[in-house]
Amino acid sequence: VNAALEQYNLAIQHSSNKPEFYIKRAACHIKLKGFMKALQDANKAIQLDGNNATAFLRQGIAYFELEEYESAKESFEKSRKLSDQLQVRRWIRKCAVELDEDIESNVEEAKENSPKTEQPQEIPSLAENALLNVGPPPKPSIRHEWYQSPTTVVITIFVKGITKEQCTIEGTATTMDITIKIDESSEFVLDLVLCDTILPEKTTTLFTPTKVEIKMFKDKQCKWMTLERTQDPIRTLEWDTSQTTKPDYPSSSKIKKDWNAIDKSVEEEKPQGEQALNKLFQDIFARGSDEQKKAMEKSFVESGGTVLSTNWEDVGSRKVEGTPPKGAELKNWNDINK
């Protein structure tokens, strides 16, 4: 967070008229519990852009943490008018709870200081209870998750029908700021201070009918412990890819089988019958000398495939006559075609 804060300080020094820099620096101050500084940055952002819903959201959070609940509620309501987000409605409910507690405590103090008189309690009717509980229907929240490989980190935002024109994605080596305009009255904002450094120029975005994927490339090969930076001194671990193992096959059996060993045993299964004989001849031919190979070829061809000899001195000086199996008659091919 401190590194991101320094970057936004430099950005504001370079360009002091961009409200988004003050909004993002306010978010850093809130994470660092510098609520007065966050309020000052939010006020400056509103001064530059009075229609920025996120600026009023940051202002409201700062007021809330400073226990200025009425002012916080006013800021949240202004933010909701500009962009009706689920998190803004939650903050408004938090303010209402705090303000109700303040009222109740004031009432209790007044009762203690005033003479006690018994008055009949008014029981609200069912219709009154129904009216009290009526509120705007909550919009479905937008879910996001992340996963990683040794070299990349992917953030997936599950929202349907989003186009490139509806997204604003800005990244640095240590931050990733994502804003998605859902409709005219609401937007999704995700400001991240990343666990480790990335190469922002390589970041890519994929838009599908059901989600948006932001793919970031790590500055170095490692395993991130979290997506966002924390106070934990150990944020990354080494990711050794030199040894890779095959995934286990899914099975409901309690007894695990070594499928690699089974595959190996299948590969090493010995041939039988005629296949074994052919393999034997192939091995003899492969390991034989040039003379033995010539003898095998000559004897096999001249005998019509009935004789196979490796003795070149025997078959080299004569024609090898065929020797048919017992009960069979040897015929010449030319005689058959006559």
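See the structure shown above.
Structural notes, computed from the coordinates. Bear in mind the structure is a predicted one, so any value in this text is a computation, not a measurement.

**Here we look at a nonpolar patch on the surface**
A surface patch of nonpolar side chains, amounting to about 600 Å² of accessible area, comprises Leu-277, Leu-280, Phe-281, Ile-284, Phe-300, Val-301 and Leu-308. Among the elements of the structure, α9 (273-287) and α10 (290-302) are those that each provide at least two residues to the nonpolar patch. Broken down by element, the nonpolar patch gets its largest block of residues, 4 residues, from α9. Structurally, Leu-280 is set in helix α9.

**Here we look at the packing of aromatic side chains**
Enumeration according to the criterion identifies 3 aromatic pairs in this entry. Aromatic pair Phe-64 and Trp-91: ring centres 5.2 Å apart, planes at 70 degrees, arrangement edge-to-face. With a gap of 27 residues between them, Phe-64 in helix α4 (residues 53-65) and Trp-91 in helix α6 (residues 86-113) connect regions that are remote in the sequence. This pair shows no difference in class: Phe-64 is buried, exactly as Trp-91 is. Between the aromatic rings of Phe-76 and Trp-91, the centroid separation amounts to 5.4 Å while the plane-to-plane angle is 20 degrees, which identifies the pairing as stacked.

**Some words on a negative patch on the surface**
Judged by side-chain charge, Glu-65, Glu-67, Glu-68, Glu-70, Glu-74 and Glu-77 come together as a negatively charged surface patch. Examining the composition of the negative patch, we find that 3 residues originate from one element, helix α5 (residues 69-82), more than from any other. Among the structural elements, Glu-77 can be located in helix α5. The exposure class assigned to Glu-77 is partly exposed, which follows from its relative accessible area of 35%.

**Thoughts on the sheet that holds strand β2 (residues 152-158)**
Across the sheet, 4 strands lie side by side as β1-β2-β7-β6; this open sheet has antiparallel pairing. The open sheet has two edge strands, β1 (143-148) and β6 (204-207), and neither has a second partner. Adjacent strand axes in the sheet meet at a mean angle of 15 degrees when their direction is disregarded. For β2 and strand β7 (residues 212-217), the ladder comprises 6 bridges, and the chain directions are antiparallel. Residue pairing in the sheet places Val-154 in a bridge with Lys-215 of β7.

**Things to note about the side chain of Asp-41**
Following the sequence through the fold, Asp-41 ends up in helix α3 (residues 35-48). Not counting residues up to four positions away in its chain, the partners in contact with Asp-41 are Tyr-22, Arg-25, Ala-26 and His-29.

**Here's the deal with helix α1 (residues 2-14)**
Its 13 residues give α1 an end-to-end C-alpha distance of 19 Å, which sits within 8% of 18 Å, the value for a rise of 1.5 Å per residue. Along α1, the residues that are buried comprise Ala-4, Leu-5, Tyr-8, Ala-11 and Ile-12. Down the axis of α1, the buried set is contained in an arc of 120 degrees. They therefore lie on one face. The exposed residues of α1 that point more than 90 degrees off its buried face are Glu-6, Leu-10, Gln-13 and His-14. For α1, the elements touching its buried residues are α2 (19-31), β4 (175-183) and β5 (186-193).

**A closer look at the packing of α9 against α10**
Here α9 crosses α10 at 140 degrees, and the two axes come no closer than 8 Å. When the axes of α9 and α10 are compared, the pair comes out oblique. Two secondary-structure elements touch here, α9 through Phe-281, Ile-284, Phe-285 and Ala-286 and α10 through Lys-293, Met-296 and Glu-297.

About the cut-offs
- Each chain has its residues counted from 1, following the order in which its sequence is written.
- Given that this is a predicted model, residues contribute local features only at a pLDDT of at least 70 and side-chain atom pairs are listed and counted only at 80 or more, while totals for whole chains, interfaces and linings are drawn from all residues.
- Water and hydrogen atoms play no part in the side-chain values, which are based on all heavy atoms of the structure.
- The patches reported here contain residues having more than 30% relative accessible area and no salt bridge. Joining distances are 9 Å for like charges and 5 Å for nonpolar side chains (Val, Leu, Ile, Met, Phe, Trp, Tyr).
- Note on areas: Shrake-Rupley, 1.4 Å probe, and residue coverage restricted to the protein chains presented here.
- Take a side-chain nitrogen of Lys or Arg and a carboxyl oxygen of Asp or Glu: if they are within 4 Å of each other, that pair is a salt bridge.
- Every helix listed is a DSSP run of H or I at least four residues long, and every strand listed is a run of E at least two residues long, numbered separately from the N terminus.
- Stacked, edge-to-face and tilted are the three classes for Phe, Tyr and Trp ring pairs, Trp counted by its six-membered ring, which pair at centre distances within 6.5 Å; planes under 30 degrees apart are stacked, over 60 edge-to-face, the rest tilted.
- Three exposure classes are used, based on accessible area relative to the maximum for each residue type with a 1.4 Å probe and protein chains only: buried under 20%, partly exposed in between, and exposed over 50%.
- Within this scheme the basic residues Lys and Arg register as positive and the acidic residues Asp and Glu register as negative, but His and the chain ends are omitted.
- Each charge is placed at NZ for Lys, CZ for Arg, CG for Asp and CD for Glu.
- When DSSP finds two or more bridges between a pair of strands, those strands are recorded as paired.
- Think of each axis as a best-fit line through the C-alpha atoms, taken over the contacting stretch in the case of a helix, with angles from 0 to 180 degrees between the N-to-C directions.
- Between two residues, a contact is recorded if the distance between any of their heavy atoms is within 4.5 Å.
- Expected helix span is taken as 1.5 Å per residue step, with the number of steps being one fewer than the number of residues.
- An arc is given here, and it is the one of the directions from the helix axis to the C-beta atoms.
- Any angle from 65 to 115 degrees is called roughly perpendicular, while one under 35 is roughly parallel, one over 145 is roughly antiparallel, and all others are oblique.

No statement about biological role is implied by the geometric values presented.
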